[in-house]
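Commentary on secondary and tertiary structure
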Amino acid sequence: MKTAMSASMVAFGVALSASTGLAEELNVVCSNEQAWCDLMAQNFEIETGIDVAIVRKSTGEVLAQLRAEKGNPKVDVWWGGTGDPHIIAANEGLTTASGVDLSGTVGWAQNMAEMTKGRTVGVHVGLLGMIYNTELLAEKGLTAPACWRDLAKPEYKGEIQVANPNSSGTAYTELATLVQLFGEEEGFQLLADIGRNVNQYTKSGSAPSKATARGETTIGIGFIHDMVSLKKAGFPVTIVSPCEGTGYELGAVSIVDGANNLEAAKRWVEYVISAEAQDAALQVGIYTIPSNPNAKTDPDAPDMNSVKLIDYDFMTYGATKTRTRLLDRWTAEVKNAGGAIEE
Amino acid sequence: MTRTAAIWLFVGLAGYVFLPWYMTPHGFWSFGWVIDPQGGGESGLYHLLSGRFWLVGPLLGILAGFAVLGIIKPPIARSRGFIITATAGLALMIAQGLLIKNAGRAAAEVSLWQPGMGAGAFVVALSLLFVLTSGISGLGKGRGDAFITSLIGLIVALVAVFVFYPMSFILVQAFALKGGQGYGISEFLPRFFDDTVWSLACLMGSGYCGAAVNSLVLGLSTALGTTVMGLAFALVFTRTAFPAKPFLRILSILPIITPPFVIGLVLILLFGRSGTITVYLSDFLGTEKTRWLYGFWGVWLAQMLSFTPIAFLVLIGVVEGVSPSIEEASQTLDATAWQTFHRVSLPLMRPGLANAFLLGFIESVADFGNPLVLGGNFNVLSTEIYYAIVGTVADPAKAGILSITLLSMTLVAFLAQRKWLGKKNYATVTGKADNGQNAALNPGMKWACYALALPWAAFTLVLYGLILLGSFVKLWGYDHTLTLEHYTRAFGMVFRNGVHFVGSAWDSYFTTLTIAAISAPLTALVGLLTAYLLVRQKFAGKDAFEFSTMLSFAIPGTVIGVAYVMAFNFPPIELTGTAIILILVFVFRNMPVGLRGGIAAMSQLDKSLDEASIMLGANSATTLRRVILPLLGPAILAAITYSFVRAITSVSAVIFLVSARHNMATAFIVGRVENNEYGIAIAYSAVLIVTMLVAILLLQALIGRRTLRRTDRVQTA
């Protein structure tokens, strides 16, 4: 016991003193996939010589942490993840304008910066879509869905899985997309009709796609770039881009207000919107659409020109007031209206 | 008493004059400030003289203490003097810390600002505390034993700072009014009794039950199941001649050393809608493929797997401790094996059963990973709380309210446990000549235990076989080509010009092991010392004190994580982004297990042992070290094992506390699972499991078994 104690005290000291360094450094919190986070950090270090410490957390967790740390933040820059939480953080004054030149990026990336007074910058687009398991579909003798409205067909009873918009940003994007596509009344009617076929409202947004791949459900709703990586991994799935058109998320990067390493943070933002940095995404299986028009894309990845996109209104549907109202209505009219049957 | 107080006064003064008052940029333990006195390593005295007038408080406390020492001679009055001066010094110190919270770069323009406290402040606070406690012992409290009062003071202070202080941040949120303005009770009550929390609709067959109802039912079922299962395992180990005990022992504790999500994932692969067993049954028996796993039964099964080992670890020590003499006496009086077990042994195991049940209940209601993966539409409080914090619309008030709900359930369970144990005496280890053989179980009981424990162990074996297999195949569940790719990606090494750890998992692996190795002995120490106080000492407010130590354990990790960020991101204690905060959260979150195990084991030790030791001239510190601790081998082992393992496998508490410089293995694994990289996540889990297994076996060899009596055999009946 005694030796264990003293040994642990020595280790304690080593662990704590080893954590310091005097070189220029940058603390990044990353909401992208782990491999993509690591690769970007590594490339940035090689490029700039700045010592990067990076950690991956989900957007909800980052937002909660930034709120708790407000005034004395321990991270400098937040890269990746869906745009909504970035916009909320910008509106709450948790992030600060980067002042980086965006002229090399595509229109939606610049719009995002304009909307938030430069506090958040778009880095990628992820499209919303459907996925189905070909083996299960054949086994059950079902027809393949092609449109949002198809999902309301009674034959899919208990076969569809989608996340709960109260916990998942992905599912909220789906909710807002249907409301924008069909109008609020019709949109909610459709959601309730689809809801009667839903077997489970998952907590996490990527869970339905994974469950579809593993054959736990026949049809799932989620982001297409997640589905591409599942298909490439070898699962028997087909990806569908709904015929009525679909919504999308804007991935973003923001500098935290009060960052300790502001200059390094600015260089990070400049770097992640460069074509050279975004090219690397394909090496780690990231199939989102990059914000730099010169960056390379994969032939299997969704292409903005071939998919019917809605004109997603991020300012309205990202605002806390609209969110709260739509979510309350969803809970009352969709979730409590039935469905979600465990067979 | 006076000597102790004097020593601490000198220590405090030295801390004030020489040690760096604030956190230095080099870290708490770095001695960079010795060579570079201007690099933020200035002492409290230096800061006081250079304008931080508010630091005068603690100095006054120390100087006044010296004045008491020099001027007041009557012992009682002098003790009172120490109490008053030390309390005043501490109060002034806390007040300045709480009032002057501006920190960091932006605050440097404000005149009233300071960084977080460092080594100097820590030493001064500690010495003032000990002056206070020795003053209290001088008044005759705690049998006039300065060791006891200091211990109580220290643990109360630790619990106050690292449990109450952060928790208050979350609980206050429960009373926040909508719109962000002000606090009040008007919204609390309707939300507390809301339908989404307490609805019983599912029992009527329509709609969903409230999250609290679900948590309660799940918690009770899991607690009951794990206690029964833990007892079955403990009895097989201690009361039967089962041949492969060591192997069974490893199997029985495997599940706690499993990182989160892995058990859920294996269960899905076996019992999910397209799971191996489901498909097999549907092919051969024609049963419908269902999704029964997603809901109550799936979560319960996963929790049974995860928490049975905890019940087992608590119970094994207690079952071993039941004295054979008493069982022999029972048999001499012509009782059958069943009567002996039922009327003598089982009642003596009550402390173990009660504590195992309580732990199982709390673990279940606070569990987050299993309901997340397998919950389906079965909502429980812990996941609701998590999504109240990180969901699409953040609602800290809801998180606070649900936390209070969860805490009330824990409180009720705790009180029920106390009532069931009552005021009986469970001591069977008395120090008197105590020899003989533990009664064997009657055949019925023996086979019942076998029937419960062995299939369960076999089931565990299958699950772990699958996990191991999963780490060696390309795509688990679909493409079973064998590959080492996952291991080389995670743990690759390059041997060129020395060894380079190039695998992506190495960083978090080393950090995790270091932090677990530091926090485990500390956790056991704090837990067992607290158990000693609770079982052996009498002091005012003991029950409240006991419950307060359970608080941090009863609340889901997410809430603790956010509470720690809110509390320790600003002075007086600024710890976010360091390794210390991870260690602290583990120590105070896992301490209750050491505590419960310690209480259960210590209840069996007869007080006459302590009394004999004290009468022979030992003080209580020596008694604790030389008499009690050696008899607590299994409890110490359980505490260290559990806290080591939990530090490696817990995820929800650390998700907000891990920082770029100090990342943990579980955060890494969860990230990979999110990205569908199951192979690498499982390979990492397999490495962690093997690491923990080796560590546990080493610990067992080091701490070993206590020698309670000459023979530890079971009758061969």
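As annotated in an unreviewed UniProt entry, chain A is Extracellular solute-binding protein from Sinorhizobium medicae.

Attention shifts here to the overall build of chain A. Regarding its fold elements, chain A presents 14 helices and 11 strands. Whereas a compact globule of 343 residues would reach a radius of gyration of roughly 20 Å, chain A reaches 22 Å, a difference of no more than 12%. Projected onto its principal axes, the C-alpha coordinates of chain A cover approximately 65 × 60 × 40 Å. Of all 343 residues assigned to chain A, the portion counted as buried reaches 62%. Taking contacts inside chain A between residues at least 6 apart in sequence as the whole, the part at least 24 apart equals 76%. Carbon and sulfur atoms make up 51% of the accessible area of chain A, which amounts to about 12200 Å² in all.

Moving on, we get to the nonpolar core. The biggest cluster of nonpolar side chains holds 216 residues, and the ones touching the most others in it are Phe 233, Leu 235, Leu 267, Tyr 564 and Tyr 684 of chain B. Excluding residues that lie within four positions of it along the chain, Tyr 564 of chain B makes contacts with Phe 162, Pro 166, Asn 569, Ile 581, Leu 584, Val 585, Phe 588 and Leu 657 of chain B. Judged by nonpolar contacts, the second largest core, of 56 residues, contains Met 130, Ile 160, Leu 175 and Ile 224 of chain A.

This paragraph deals with unusual backbone geometry. Of note in this structure, Lys 117 of chain A is not a glycine but carries a positive phi near 55 degrees. With respect to the element layout, Lys 117 of chain A can be found in the loop between α5 (107-115) and β5 (120-133).

Residue and element names in this part refer to chain A. Throughout the structure, instances matching the rule amount to 2 disulfides over all chains. Across a sulfur-sulfur distance of 2.0 Å, Cys 30 and Cys 37 are joined as a disulfide pair. Handedness of the Cys 30-Cys 37 disulfide follows from its S-S torsion of about -75 degrees: it is left-handed. Across this residue pair, the class does not change: Cys 30 and Cys 37 are buried.

On to the domain arrangement of chain A, then. All names here are of chain A. What the domain assignment lists for chain A is domain 1 (24-126 + 249-297) and domain 2 (127-247 + 319-337). One C-alpha centre belongs to domain 1, the other to domain 2; they are set 28 Å apart. Counting residues at the interface gives 11 residues for domain 1, matched by 10 residues for domain 2. Surface buried jointly by domain 1 and domain 2 totals about 880 Å² across both partners, of which 63% is contributed by carbon and sulfur atoms. Taken as a group, Gly 126, Glu 249 and Tyr 287 account for 52% of the area that domain 1 buries against domain 2, more than any other trio of residues on that side. For the salt bridge of Arg 323 with Asp 84, the shortest nitrogen-to-oxygen distance reads 3.2 Å. Applying the counting rule to domain 1 against domain 2 returns 2 residue pairs in polar contact (both at pLDDT 80 or more). Of all the elements in the fold, those that place two or more residues in the side of domain 1 that touches domain 2 are α4 (83-91) and β5. When its residues are assigned to classes, the side of domain 1 that touches domain 2 shows 4 nonpolar, 4 polar and 3 charged.

Residues and elements named next belong to chain A. Structurally, the position occupied by Ala 176 is in helix α7 (residues 169-182). Classification of Ala 176 by relative accessible area gives buried; the value is 0%. With near-sequence residues (within four places) excluded, Ala 176 lies in contact with Tyr 312 and Tyr 317.

With 72 residues of chain B at the interface, the matching set in chain A holds 80 residues. Buried surface at the junction of chain B and chain A, both sides included, amounts to about 6300 Å², of which 53% is carbon and sulfur. Ranking the residues of chain B by area buried against chain A places Arg 291, Thr 392 and Arg 661 of chain B at the top, with a combined share of 13%. Across the contact surface, chain B and chain A share 2 salt bridges. With its nearest N and O atoms 3.3 Å apart, the salt bridge here joins Glu 574 of chain B to Lys 74 of chain A. Run the count over chain B and chain A and you get 14 residue pairs in polar contact (both at pLDDT 80 or more). Per-class residue counts for the side of chain B that touches chain A are 38 nonpolar, 24 polar and 10 charged.

What counts, and at which threshold
- Residues numbered from 1 in each chain as written.
- Chains lettered and ligands numbered in written order.
- Predicted model: local features only at pLDDT ≥ 70, side-chain atom pairs only at ≥ 80, totals over all residues.
- Heavy atoms only, no water.
- Helix = DSSP H or I, 4+ residues; strand = E, 2+ residues; numbered from the N terminus.
- Rg over C-alpha atoms; globule rule 2.2 N^0.38 Å.
- Buried < 20%, exposed > 50% of the residue type's maximum accessible area, 1.4 Å probe, protein only.
- Contact = heavy atoms within 4.5 Å.
- Areas by Shrake-Rupley, 256 points an atom, 1.4 Å probe, with all protein chains shown as cover.
- Core = buried A, V, L, I, M, F, W, Y, C linked by side-chain atoms within 4.5 Å.
- Disulfide = S-S within 2.5 Å.
- Domains from an automatic or database assignment.
- Buried area = accessible area lost by both parts, 1.4 Å probe.
- Salt bridge = Lys/Arg side-chain N within 4 Å of Asp/Glu carboxyl O.
- Polar contact = N/O pair within 3.5 Å; in protein donor to acceptor, adjacent residues only side chain to side chain.
- Nonpolar A, V, L, I, M, F, W, Y, C, P; charged D, E, K, R; others polar.

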